[in-house]
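Summary of structural features
Each chain, letter by letter, is given below.
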Amino acid sequence: MIRMPMEGKVLKENDRIALALREQYAAQGVLCLNLVSSPGSGKTSLLERTLERWPTGHAVAVLTGDIQTENDAQRLRRFGFPVKQITTGGTCHLDARMIQRALEDWRLQDLDVLLLENVGNLVCPSSYDLGEAAKVVVLSVTEGEDKPLKYPSMFFKSELMVINKTDLLPYVPFAIEKAVENARRVHADLEILKLSCLTGNGLTEWMQWLVSRRNSFLAGVQRPVPDSSCV
Amino acid sequence: MHEMGIANAILEAVVTEATRLNGQHPSRVGVRIGELAAVDPEALHFCFDALVRGTDLEPLELDIELCPRKHRCPQCDEVFPVVDYFTECPRCGGLRTEFVSGDELELAFLEVDDQ
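Predicted, not measured: the structure shown is a model, and the values here were computed from it. Along each chain, numbering runs from 1 in the same order as the chain's sequence is written. Each chain is given a letter, starting from A, and each ligand a number, starting from 1, according to the order in which they appear as written. Local features in this predicted model are restricted to residues of pLDDT 70 or higher, and side-chain atom pairs are both shown and tallied only at a pLDDT of 80 or more, whereas totals for entire chains, interfaces and linings draw on every residue.

**So, the overall build of chain A**
Counting from the N terminus, the helices are DSSP H or I runs at least four residues long and the strands are E runs at least two residues long. In terms of helices and strands, chain A carries eight helices and eight strands. Radius of gyration here is computed from C-alpha atoms only, and the compact-globule reference equals 2.2 Å multiplied by the residue count raised to the power 0.38. Computed over the C-alpha atoms, the radius of gyration of chain A is 18 Å, within 12% of the 17 Å expected from 2.2 N^0.38 for a compact globule of 231 residues. Principal-axis analysis of the C-alpha atoms places the extent of chain A at approximately 60 × 55 × 35 Å. Looking at chain A residue by residue over its 231 residues, the buried ones come to 44%. Counting contacts in chain A only where the partners sit at least 6 residues apart, residues at least 24 apart contribute 75% of the total. Three exposure classes are used, all based on how many other C-beta atoms lie within 10 Å of a residue's own C-beta (placed from the backbone): buried at 20 or more, exposed at 12 or fewer, and partly exposed between those limits. Here, residue contact means that the backbone-derived C-beta atoms of the two residues sit within 7 Å.

Here is the structure:
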């Protein structure tokens, strides 16, 4: 019996495509964010409120993933921005190839921000790099405040945690400070925003975060030389 | 439940490697999985065995090395495993420690029969 070392990531094919996507986003100055959460935490609602408030003069597009139905894309299309549904047909996460295929007939150079809505699942999407600049994890107050401890991978890999449905705080036994403390135990530098997609509380701060995150993204990548050969 | 896709990716790597082995039969493949990788070892074993069964790769076995989350203290350079989310440095008590490893999902080794 001979033992030989093997090298590389198990998901190297996904990572290879994700890297290619990341390079395209950088070349075209497109901030890509990957929204993740349990089912029902409010990813689609947050996207609705975001598109509703989208500043004129900036271009945004959304890819929204679900196992079945076009429901989310229909909800999001009424704001007039490009929206495409990715139905995974059973797969519990988006992978980089699905994103690459969905982007085939879009011109990345026309975009400033690309928002990805992952399949509702706090486990599997954390393993698949989609080329995004950052993951944003949404946690709603109707879930347990110990979710960051139960699903550490997702909270560890996210840059921002959005605590949604804060309008329900008077009615549910959710200790928001405990949720923050748990999230920071998993990820000490996690940024945190609290908001309600229903009342609109906290959405101004979320829109400001998007603007500042795009600015820091652009500052971090070399600005593109206008190039018509890409995508 | 994405362990089936991960098991499949491991097997693709084994098949790629095996084509370079001049007929030597791979008997065991090793992977490293970090505690923050969001992969369940038991489910991965189950999926791996299901995919191998009835193929030329049988009786290929999977060896999983579980890797704990490790942090480094920038003050005293201590590297330590993080147990139960306590990231404070056990040596000097430093509160701001840095992530070192624990999200691995990597290929480690391949064993082949030397016949």
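**Structural notes on the interface of chain B and chain A**
Taken together, the contact between chain B and chain A spans 25 residues of the former and 25 residues of the latter. Secondary-structure elements contributing two or more residues to the side of chain B that touches chain A are α1 (3-18), β1 (26-34) and β6 (105-112) of chain B. The leading source of residues in the side of chain B that touches chain A is β6 of chain B, at eight residues. When residues are grouped by polarity, Ala, Val, Leu, Ile, Met, Phe, Trp, Tyr, Cys and Pro land in nonpolar, Asp, Glu, Lys and Arg in charged, and all others, Gly among them, in polar. Along the lines of polarity and charge, the residues of the side of chain B that touches chain A split into 17 nonpolar, three polar and five charged. Here four bridges tie strand β1 (residues 2-5) of chain A to β6 of chain B, and the two strands are oriented antiparallel to one another. Directly across from M4 of chain A, in β6 of chain B, lies its bridge partner L110 of chain B. Following DSSP output, two strands are said to pair if at least two bridges run between them.

**Describing the sheet that holds strand β3 (residues 70-72) of chain B**
All names here are of chain B. If you walk across this open sheet you meet the three strands as β4-β3-β5, and the pairing is antiparallel. Of all strands in the sheet, those bounded by a partner on one side alone are β4 (79-81) and β5 (98-101). Mean inter-strand twist for the sheet, computed between neighbouring axes without regard to direction, equals 40°. Pairing between β3 and β5: three bridges, direction antiparallel. Each residue of the ladder has a partner; that of H71, found in β5, is F99. Angles shown run from 0 to 180 degrees and are taken between the N-to-C directions of axes, each axis being a line fitted to C-alpha atoms and, for helices, limited to the stretch in contact.

**Considering the pairing of strand β8 (residues 191-194) of chain A**
All names here are of chain A. Sheet topology places strand β7 (residues 160-164) next to β8; four bridges connect them, and they run parallel. Each residue of the ladder has a partner; that of L160, found in β8, is E191. A crossover links β7 with its parallel partner β8, the connecting element being helix α7 (residues 176-186), and its sense is right-handed. For crossovers, right-handed means that the path from the first strand over the helix to the second runs clockwise, given strands pointing away from the viewer.

**Overview of the sheet that holds β1 of chain B**
Sheet strands associate in pairs through backbone hydrogen bonding, adopting either a parallel or an antiparallel arrangement. Ordered by their spatial adjacency, four strands build an open sheet running β1(A)-β6(B)-β1(B)-β2(B), and the pairing between neighbours is mixed. Looking along the sheet, the strands with just one partner apiece sit at the ends: β1 of chain A together with β2 (61-67) of chain B. Pairs of neighbouring strands in the sheet enclose a mean axial angle of 25°, with direction left out of account. Against the sheet, α1 of chain B engages β1 and β6 of chain B, with an angle of about 135° to β1 of chain B.

**Examining unusual backbone geometry**
With omega at 0°, the peptide bond leading from E58 of chain B into P59 of chain B counts as cis. Note on placement: P59 of chain B falls in the loop between α2 (41-52) and β2. Look at K165 of chain A: it is not a glycine, yet its phi comes out positive at around 65°. Even without glycine at this site, D84 of chain B takes up a positive phi of about 55°. When you line up the elements, D84 of chain B lands in the loop between β4 and β5.

**Here we look at the environment of A219 of chain A**
In this structure, A219 of chain A sits in helix α8 (residues 203-220). A sequence separation of 125 residues divides A219 of chain A from L94 of chain A, and the C-alpha atoms of the two residues are 28 Å apart.

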